[in-house]
Amino acid sequence: IYGRGDLLDKSFALYQARMTIGDPNSSLSGQIGRVFTSELAGMGATDGLMTKWNPRSTFGVGFIMGVQPDPVSLAFNPKIRKGGVFGHLRANYKQTIFSGRAALVGQYASGETDREFAVFHASVGNRRIWDLRTNATIDYYRNSFISSRNKVSLTNSEIGRASCRERV
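Residues numbered from 1 in each chain as written. Predicted model: local features only at pLDDT ≥ 70, side-chain atom pairs only at ≥ 80, totals over all residues. Heavy atoms only, no water.

Caption draft 1: Spotlight on the overall build of the protein chain. If you tally the helices and strands in the protein chain, you get 0 helices and 11 strands. If you list the helices and strands of the protein chain from N to C, you get β-β-β-β-β-β-β-β-β-β-β. Relative to its full complement of 168 residues, the protein chain shows a buried share of 29%. Considering only contacts in the protein chain between residues 6 or more positions apart, those separated by 24 or more positions represent 36%. Accessible surface for the protein chain amounts to roughly 11,300 Å². Of this, 58% is attributable to carbon and sulfur atoms. (Helix = DSSP H or I, 4+ residues; strand = E, 2+ residues; numbered from the N terminus. Buried < 20%, exposed > 50% of the residue type's maximum accessible area, 1.4 Å probe, protein only. Contact = heavy atoms within 4.5 Å. Areas by Shrake-Rupley, 256 points an atom, 1.4 Å probe, with all protein chains shown as cover.)

Caption draft 2: Looking closely at the pattern of salt bridges. All told, the structure shown has 2 salt bridges when counted by the stated rule. Across the pair Asp-47 and Arg-34 runs a salt bridge, and its minimum N-O distance is 2.7 Å. Within this pair, whereas Asp-47 is found in strand 5 (residues 46-56), its partner Arg-34 is found in strand 4 (residues 28-35), the two being separated by 13 residues in sequence. In terms of burial, Asp-47 and Arg-34 fall into one category: buried. (Salt bridge = Lys/Arg side-chain N within 4 Å of Asp/Glu carboxyl O.)

Caption draft 3: Molecular detail of the packing of aromatic side chains. Taken as a whole and assessed by the stated rule, the structure comprises 0 aromatic pairs. Taking NZ or CZ as reference, Arg-115 lies 3.9 Å from the ring centre of Phe-117, over its face. (Phe/Tyr/Trp six-rings, centres within 6.5 Å; stacked < 30°, edge-to-face > 60°. Lys NZ or Arg CZ within 6 Å of the ring centre and 35° of its normal.)

Caption draft 4: Examining a nonpolar patch on the surface more closely. Together, Phe-63, Met-65, Val-85 and Leu-104 make up a nonpolar patch on the protein surface, roughly 360 Å² of accessible area in all. Overall, Met-65 belongs to the partly exposed group, its relative accessible area being 46%. (Patch = residues over 30% accessible without salt bridge, like charges linked within 9 Å, V, L, I, M, F, W, Y side chains within 5 Å.)

Caption draft 5: Examining unusual backbone geometry more closely. Even without a glycine there, the phi angle at Lys-94 is positive, about 55°. Secondary-structure assignment places Lys-94 in the loop between strand 7 (80-93) and strand 8 (96-109). Residue Lys-94 is classed as exposed on the basis of its relative accessible area, which comes to 69%.

Caption draft 6: Representation of the nonpolar core within the structure. Among the nonpolar cores identified, the biggest contains 10 residues, and these are Val-35, Leu-40, Met-43, Met-50, Ile-64, Phe-86, Ala-103, Val-105, Phe-117 and Val-119. Broken down by secondary-structure element, the contributors of at least two residues to this core are strand 8 and strand 9 (112-126). (Core = buried A, V, L, I, M, F, W, Y, C linked by side-chain atoms within 4.5 Å.)

Caption draft 7: Structural view of the pairing of strand 4. As paired strands, strand 3 (residues 18-21) and strand 4 are joined by 4 bridges and run antiparallel to one another. Within strand 4, the residue paired with Met-19 across the bridge is Ile-32. Direction of pairing for strand 4 relative to strand 5: antiparallel, over a ladder of 8 bridges. The partner of Ser-29 across the bridge, within strand 5, is Lys-52. (Pairing = 2+ DSSP bridges.)

Caption draft 8: Region of interest: the pairing of strand 9. In this structure, strand 8 lies alongside strand 9, joined through 14 bridges in antiparallel fashion. Paired with Phe-98 across the strands is Val-124, a residue of strand 9. As paired elements, strand 9 and strand 10 (residues 130-140) share 10 bridges and run antiparallel to each other. The partner of Ser-123 across the bridge, within strand 10, is Arg-133.

Caption draft 9: Quick peek at the side chain of Thr-46. Its place among the elements puts Thr-46 in strand 5. Ignoring any residue separated from it by four or fewer positions in sequence, one finds Thr-46 in contact with Gly-33, Arg-34, Val-35, Ile-64, Met-65, Gly-66, Val-67, Pro-69 and Lys-82.

The structure is reproduced here in structure tokens:
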């Protein structure tokens, strides 16, 4: 349980409270409570259930479902439901490591679409000399009432890190 309290006004904000079922490094694990996952960057906190299945260290899949906490007070708020599926893949070839993650996410408020998006991460690198990482978030809009929106819009893309290191 993680949170912050103020003794003067007797308030408490819950940031995270979860129970882990199984070992997160094993082939099957789950979490229930307020959960976060790096695979679903951009989704934020979820009050619900997350399950991961990693049959091998080179690939895995999972899902998350629940509701979004209130953005100001962080209290439980059942008004926005959300869920997502995610997966990762990792391959080694000699000294080079290739890895990627992908996720599809939906958030729904009062039965209407609040946000639907996909997140992609990719990296390739040599263990000792260089690496390159990039990611992208693509939003899907069911309608285009706002003039700048298309049906699919790339909302974020970047090269996270490109580095060259000397051999030691």
